[in-house]
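# Breakdown of the fold
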Amino acid sequence: MKVLVLGSGAREHALVRSLAADPDVTELHAAPGNAGIAADATVHRLDLGDTAAAVALAKALGVDLVVVGPEQPLVIGVADRLRDAGITTFGPSQQAAALEGSKAFAKDVMAAAGVPTAMAHVCENLDEVDAALDQFGAPYVVKDDGLAAGKGVVVTDDRTDAREHAAACLAKDGGRVVIEEYLDGPEVSLFVISDGEHVVPLQPAQDFKRVSDGDLGPNTGGMGAYSPLPWAPEGLVDDVVARVVQPTVDELRRRGTPFVGVVYAGLAITSRGLRVIEFNARFGDPETQVVLARLQTPISRLLQAAATGGLGTLEPLRWHDGAAVVVVVAAENYPGTPVTGTAIRGLDEAAAVDGAYVLHAGTALDAVGDVVSSGGRVLSVVGLGSDLAEARERAYGAVDAIDLPGSHHRSDIALAAELGEIRLP
Ligand code: AMP
Ligand code: GLY
């Protein structure tokens, strides 16, 4: 099978790494990729905002499967254009991707499907915002309705900050803002592969959204993750499939917009039970890095079965027993405007750490072929081990070997889980 992966983050590098090790994959391409992906696949130039160029590239390469990584090309319809051109594609249509692209649409689908989620109001002016903030009280949860790369959400006890963020969201073209009830309890990310009808869950992971240790500082795209979740309630995955994902997939099919790809359910396990925080229409980054690290079944079969309506007959997935931890190394000033163009040293030393490897995100090659930073989240350092303690030790051992001046990372990824300190409400 010839496969093309669209995207340029560490999530796509994880997909490429799994596909490169897959005996069914004979040729592997990625666009636009990054310096690390280029070592594992043939990379091609591509503007991900140009759907026609993506179709032209897939056709020119004669690939059997396109796997779309990020949300932005999905939300502008790249999967529709590829399928229109007869190319087998893993990724939802533009309409189905609105599950992520519009929080208001997601709330509507959840209401119709009876999926438990936070109470919310979609507001179009500041009077509505004030009423909603008063109704729910602190902590306030204020979300941009559209895509915001994980940075559109503000959770704060400060009413002035909440109101200011709401005003900024409203000021955008067609701006709408969602104000919702605060959900207590630990968060879980579960990826569920869908062919539009049948679904196959992967293993759950936990993401660390805040920039600093102790869950302090602003939200980011994600600073680290781990899997499995030793503290998760028994039957969690089955519960999420039965109460959240299957009803959502059924509802989208009923509306004539079947979801083909991965439903990312962002969940909170609250004192009042399971609640959806958000849906995404793609693999999560950095959770994919740890989930795929543990998946033993060759991934091309799974993705192709989803893209061709064949999940109902797929054999059960096989998983490694151990644990995986990923630590994101971010550029100076991320999640603000990151400093780029900084030389990265120690990549070979990091890769030499037993049970660890480095996936690239914002990296590029400079004029002399050295790896330099080119984005906010620069590297995803993965550690595998028999348990979380060993996986952490290996991931941080490799992080310590990396020299990226000005960079920062969290030092507490998976720590509370390792210490058994995560309490269910
Ligand atoms: P989202 O982009 O919707 O996933 O939100 C980003 C992060 O904000 C989530 O992972 C949570 O940590 C936090 N968050 C979002 N919605 C809520 C909520 N209703 N209650 C508590 N925290 C939330
Ligand atoms: N890890 C969060 C996301 O991918 O949106």
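It should be noted that the structure appears before, not after, this text.
Presented here is an overview of the structure given in this document. (Residues numbered from 1 in each chain as written. Chains lettered and ligands numbered in written order. Predicted model: local features only at pLDDT ≥ 70, side-chain atom pairs only at ≥ 80, totals over all residues. Heavy atoms only, no water.)

Secondary structure summary: the chain contains 14 helices and 22 strands in total. In terms of C-alpha radius of gyration, the chain reaches 20 Å, essentially the compact-globule figure of 22 Å for 425 residues. Projecting the C-alpha coordinates of the chain onto the three principal axes gives extents of approximately 55 × 45 × 45 Å. Within the chain, residue pairs in contact and separated by at least 24 positions form 69% of the contacts whose partners lie at least 6 positions apart. A total accessible area of about 16,400 Å² is found for the chain, and carbon and sulfur atoms account for 48% of it. For the chain, the distance from the average position of its 33 positive side-chain charges to the average position of its 58 negative side-chain charges is 4 Å. (Helix = DSSP H or I, 4+ residues; strand = E, 2+ residues; numbered from the N terminus. Rg over C-alpha atoms; globule rule 2.2 N^0.38 Å. Contact = heavy atoms within 4.5 Å. Areas by Shrake-Rupley, 256 points an atom, 1.4 Å probe, with all protein chains shown as cover. Lys, Arg positive; Asp, Glu negative; His and termini not counted. Charge placed at Lys NZ, Arg CZ, Asp CG, Glu CD.)

Before going further, it helps to examine unusual backbone geometry. In this structure, Pro228 follows Ser227 across a cis peptide bond, with omega equal to 0 degrees. For Pro228, the position within the fold is in the loop between strand S15 (224-227) and helix H9 (236-254). Note that the residue after Asp285, namely Pro286, is joined by a cis bond; omega there is 25 degrees. Within the secondary structure layout, Pro286 lies in the loop between strand S17 (273-280) and helix H10 (287-294). The phi dihedral of Asn333 is positive, around 80 degrees, even though this residue is not glycine. By the element assignment, Asn333 lies in the loop between strand S18 (323-330) and helix H12 (347-351). What makes Asn333 partly exposed here is its relative accessible area of 47%. (Buried < 20%, exposed > 50% of the residue type's maximum accessible area, 1.4 Å probe, protein only.)

On to the sheet that holds S17. Pairing in this open sheet of 4 strands is antiparallel, and the strands run S11-S10-S16-S17 from one edge to the other. Both outer strands of the open sheet, strand S11 (199-201) and S17, are each paired with one neighbouring strand and no more. Sheet twist, expressed as the mean angle between neighbouring strand axes with direction ignored, is 30 degrees. As paired elements, strand S10 (residues 187-195) and strand S16 (residues 260-270) share 9 bridges and run antiparallel to each other. Of the residues in S16, the one forming a bridge with Ile193 is Val262. Its contacts with the sheet place helix H11 (residues 299-307) against S10, S11 and S16, and it is angled at close to 65 degrees to S10. (Pairing = 2+ DSSP bridges. Axes fitted to C-alpha atoms, helices over the stretch in contact; angles between N-to-C directions.)

If you check the shell around ligand 2, you find Asp207, Lys209, Gly221, Tyr264, Asn280, Arg282, Gly284, Asp285, Pro286 and Glu287 and nothing else. Interatomic distance of 2.8 Å between a side-chain N/O atom of Arg282 and an oxygen atom of ligand 2. Measuring from a nitrogen atom of ligand 2, one finds a backbone N or O atom of Asp285 at 2.8 Å. Expressed as a share of its isolated accessible area of 200 Å², the protein-covered part of ligand 2 is 92%. (Near = heavy atom within 4 Å. Polar contact = N/O pair within 3.5 Å; in protein donor to acceptor, adjacent residues only side chain to side chain.)

This next bit is on the site of ligand 1. Close to ligand 1 lie 14 residues; Glu180, Leu183, Glu187, Lys209 and Glu278 are nearest. The contact in question runs from a nitrogen atom of ligand 1 to an N or O atom on the backbone of Leu183, over 2.7 Å. The separation between an oxygen atom of ligand 1 and a polar side-chain atom of Glu278 is 2.6 Å. Protein contact buries 92% of the 470 Å² of open area that ligand 1 shows by itself. For the shell around ligand 1, the secondary structure elements donating two or more residues are strand S7 (140-144), strand S8 (153-156) and S17. Considering only residue class, the shell around ligand 1 consists of 6 nonpolar, 1 polar and 7 charged. (Nonpolar A, V, L, I, M, F, W, Y, C, P; charged D, E, K, R; others polar.)

This part is about the pattern of salt bridges. Any two side chains of opposite charge can pair, so long as their charged atoms come close to each other. One pass over the structure, following the stated rule, counts 30 salt bridges. Linking Lys107 and Glu180 is a salt bridge whose minimum nitrogen-to-oxygen distance equals 3.4 Å. Separated by 73 residues along the polypeptide, Lys107 in helix H6 (residues 103-113) and Glu180 in strand S9 (residues 177-180) bring together distant segments of the chain. Salt bridges sharing partners connect three or more residues here, namely Lys103, Asp207, Lys209 and Glu278. (Salt bridge = Lys/Arg side-chain N within 4 Å of Asp/Glu carboxyl O.)

This brings us to the environment of Phe136. Considering the arrangement of structural elements, one finds Phe136 in helix H7 (residues 126-136). Between the C-alpha atom of Phe136 and that of Gly376, which follows or precedes it by 240 residues, the distance is 34 Å. Those residues within four positions of Phe136 in sequence are excluded, and the remaining contacts are Met119, Ala120, His121, Ile179, Glu180 and Glu181.

Interhelical geometry of H6 versus H9 gives an angle of 105 degrees and a closest axis separation of 9 Å. Accordingly, the angle class assigned to the pair H6 and H9 is roughly perpendicular. Across the interface between the two elements, Phe105, Val109, Ala112 and Ala113 from H6 touch Pro247, Thr248, Glu251 and Leu252 from H9. A per-class count over the contact of H6 with H9 returns 6 nonpolar, 1 polar and 1 charged. (Parallel < 35°, antiparallel > 145°, perpendicular 65-115°, else oblique.)

What follows concerns H9. With 19 residues, H9 extends 26 Å from end C-alpha to end C-alpha; this agrees with the ideal 27 Å at 1.5 Å per step. In the structure, H9 departs most strongly from a straight axis at Ala242, where the bend amounts to approximately 40 degrees. Within the sequence span of H9, burial applies to Leu236, Val240, Val241, Val244, Val245, Pro247, Thr248, Val249, Glu251 and Leu252. Residues of H9 that are buried in the fold lie against helix H5 (94-101), H6, S10, S11, S16 and S17. Positive backbone phi, approximately 85 degrees, marks Gly256, located one or two places after H9. (Expected span 1.5 Å × (residues − 1). Bend = angle between axes of the 7 residues up to and from the residue.)

On to a negative patch on the surface, then. On the surface, a cluster of negative charge is made up of Asp157, Asp158, Asp161 and Glu164. Here Asp161 lies in helix H8 (residues 159-170). (Patch = residues over 30% accessible without salt bridge, like charges linked within 9 Å, V, L, I, M, F, W, Y side chains within 5 Å.)

A few words on the environment of Pro139. Tracing the chain through its elements places Pro139 in the loop between H7 and S7. The exposure class assigned to Pro139 is partly exposed, which follows from its relative accessible area of 25%.

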